[in-house]
Amino acid sequence: MEDEHQEKEGSQRQTRRSMAATKEEEGTKTQENEIEAIVPLEDRLLFEKVQKTVEESLNKNKPKNLAHGIRLVHFGQYEIDTWYSSPYPSEIRQVGEVYVCEFCLKYMKSATILRRHTEKCPWRHPPGDEIYRKDKLSVFEVDGEISSTYCQNLCLFAKLFLDHKTLYYEVEPFLFYVMTLADCYGCHIVGYFSKEKVSFLNYNVSCILVMPHCMRMGYGKALIEFSYLLSRKEGKVGSPERPLSDLGLISYRSYWKGVLLRHLNSLESGRVSIKELSQKTGIMSNDLISTLQYLGMLKYWKGKHIIIVPQEMRDEYAAKCKANSKFNLLVDESKLIWTPKNYGDNKNKSKVS
Ligand SMILES: [Zn+2]
């Protein structure tokens, strides 16, 4: 048993396919190529650099983090090495591996039990309302109060890949927006974010996760864009809950930069206020200002703050747009069918997740 684990750990940090190569394999490769074309090279390199740093840090902490936890999760046709521990029941943790139904997210402790479950499981998509669909990409709105078991199982799974998450069981005050990609077998989850039904601080994302086998395909940016789309529909400006993970901060900075450049490039006059930008984009003013400062675009001149977009940044942005017109079209606003619900006062306010 120990040898088996060592063998598995030896090849860790890479998501591996457990099934033989099939036509689906070829299809996935084509998809990956397409995604590579969508995500700018600079962002991919930055992402890979941060991911490497996180993985190195994980390796250093491995004995502490994973000594008694789950090392491997079997999810659909994937075997995924875990990053952090998660409070699955002790009988699962003792085995060191967990088998999860990719549609209903029920967890099991052996391949046999999962196989029997899969034969009977009627689920082919997340519960709740499908509020967005374009081509094969959908988003389901899942209410933590109505589908509490599903949401708890989603949180337990997510904790395997998030270090700061503390919400597992008190899911009722949250909505979960689950993004899926459809094929002939069903709607496969690619990522999700949770959001408090009522947030005094206008947090529009509580927790966000791209499934490990779906990373570097543009879904993180699509999830972030979707969260701001919901804020704009609510007539609000929003911000992700803090603290952000390292990967989360990189993703948000990249997103905020892209949105800023897009809007600043499209300005007809040379004047714009941060408030105006914030209302147009749904991004909180503080996040816009911190991004401008981070990029060195905010200057103080003759008693006023002004935004200066260096020509090379304009050129770089124009080149990105030219290289791939799909870059800004990951979420199509016209495909959202959703009306914000009023969840009333703060009686359901919960702990921060
Ligand atoms: Zn199931």
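**Brief notes about the overall build of the chain**
Part 1: Counting its secondary structure elements, the chain contains eleven helices and 14 strands.
Part 2: Taken over 353 residues, the chain has a buried fraction of 31%.
Part 3: For the chain, restricting intrachain contacts to residue pairs at least 6 apart in sequence, the fraction spanning at least 24 positions comes to 61%.

**A word on the nonpolar core**
Part 1: L154, F176, V178, Y192 and L223 are the most contacted members of the largest nonpolar core, which has 67 residues in total.
Part 2: When residues are assigned to domains, this core turns out to be shared by domain 1 (15–248) and domain 2 (249–328), each giving three or more.
Part 3: Setting aside residues no more than four positions away along its own chain, L223 makes contact with M179, G191, F193, I208 and V210.

**Things to note about the environment of L260**
Part 1: The residue L260 is located in helix α8 (residues 246–265) in this model.
Part 2: Taking the number of C-beta atoms within 10 Å as the measure of exposure, L260 has 23 and is therefore buried.
Part 3: With sequence-adjacent residues up to four places away left out, L260 is seen in contact with L288, T291 and L292.

**As for the packing of helix α7 (residues 219–233) against α8**
Part 1: Running from N to C, α7 and α8 cross one another at 65 degrees; their axes reach a closest spacing of 10 Å. The pairing of α7 with α8 is recorded here as roughly perpendicular in orientation. Like other packed secondary-structure pairs, α7 and α8 cross with a definite hand, here right-handed. On α8, the residues touching G220, K221 and I224 of α7 are S251, Y252 and Y255.
Part 2: Class assignment of the residues belonging to the contact of α7 with α8 gives a composition of three nonpolar, two polar and one charged.

**Remarks on the pairing of strand β13 (residues 298–301)**
Part 1: Sheet topology note: the β13/strand β14 (residues 304–307) ladder contains four bridges and is antiparallel. If you follow W301 over to β14, its bridge partner there is K304.

**Re the sheet that holds strand β8 (residues 174–183)**
In a beta sheet, neighbouring strands pair by backbone hydrogen bonds and run either parallel or antiparallel.
Part 1: Reading across from one edge, β6-β7-β8-β9-β11 is the order of the five strands in this open sheet, with antiparallel pairing throughout. Across the chains shown, the open sheet's two edge strands, defined by having one partner strand only, are β6 (129–134) and β11 (207–210). Ignoring strand direction, the axes of neighbouring strands in this sheet form an average angle of 20 degrees.
Part 2: Two elements, β6 and strand β7 (residues 137–143), share five bridges in a ladder whose sense is antiparallel. Note that in β7 the partner of R133 across the bridge is S138.

**What to know about the confidence of the model for the chain**
Part 1: Residue-level pLDDT values for the chain average 82, and 76% of them are 70 or greater.
Part 2: Contacts from residues 1–25, a stretch scored under 50 in pLDDT, to residues over four places away or in other chains number 19 contacts.
Part 3: Between residues 61–67, whose pLDDT stays under 50, and residues either more than four places distant or in other chains, the model counts four contacts.

**What to know about the packing of helix α9 (residues 274–281) against helix α10 (residues 285–294)**
Part 1: The N-to-C vectors of α9 and α10 enclose an angle of 115 degrees; their axes lie 9 Å apart at closest approach. Classified by the angle between their axes, α9 and α10 sit roughly perpendicular to one another. Our pair here, α9 against α10, has a crossing hand that is right-handed. Every residue of α10 that contacts α9 at I274, K275, L277 and S278 is listed here: S285, L288 and I289.
Part 2: Per-class residue counts for the contact of α9 with α10 are four nonpolar, two polar and one charged.

**Let's talk about the environment of S206**
Part 1: Of note, S206 is situated in the loop between β10 (203–205) and β11.
Part 2: Sequence separation between S206 and L244 is 38 residues; the distance between their C-alpha atoms is 9.6 Å.

The rules behind these values
Residues numbered from 1 in each chain as written. Predicted model: local features only at pLDDT ≥ 70, side-chain atom pairs only at ≥ 80, totals over all residues. Helix = DSSP H or I, 4+ residues; strand = E, 2+ residues; numbered from the N terminus. Buried ≥ 20, exposed ≤ 12 C-beta atoms within 10 Å, placed from the backbone. Contact = placed C-beta atoms within 7 Å. Core = buried A, V, L, I, M, F, W, Y, C linked by C-beta atoms within 7 Å. Domains from an automatic or database assignment. Axes fitted to C-alpha atoms, helices over the stretch in contact; angles between N-to-C directions. Parallel < 35°, antiparallel > 145°, perpendicular 65-115°, else oblique. Left-handed = near helix turned anticlockwise from the far one by under 90°. Nonpolar A, V, L, I, M, F, W, Y, C, P; charged D, E, K, R; others polar. Pairing = 2+ DSSP bridges. pLDDT = per-residue confidence, 0-100.

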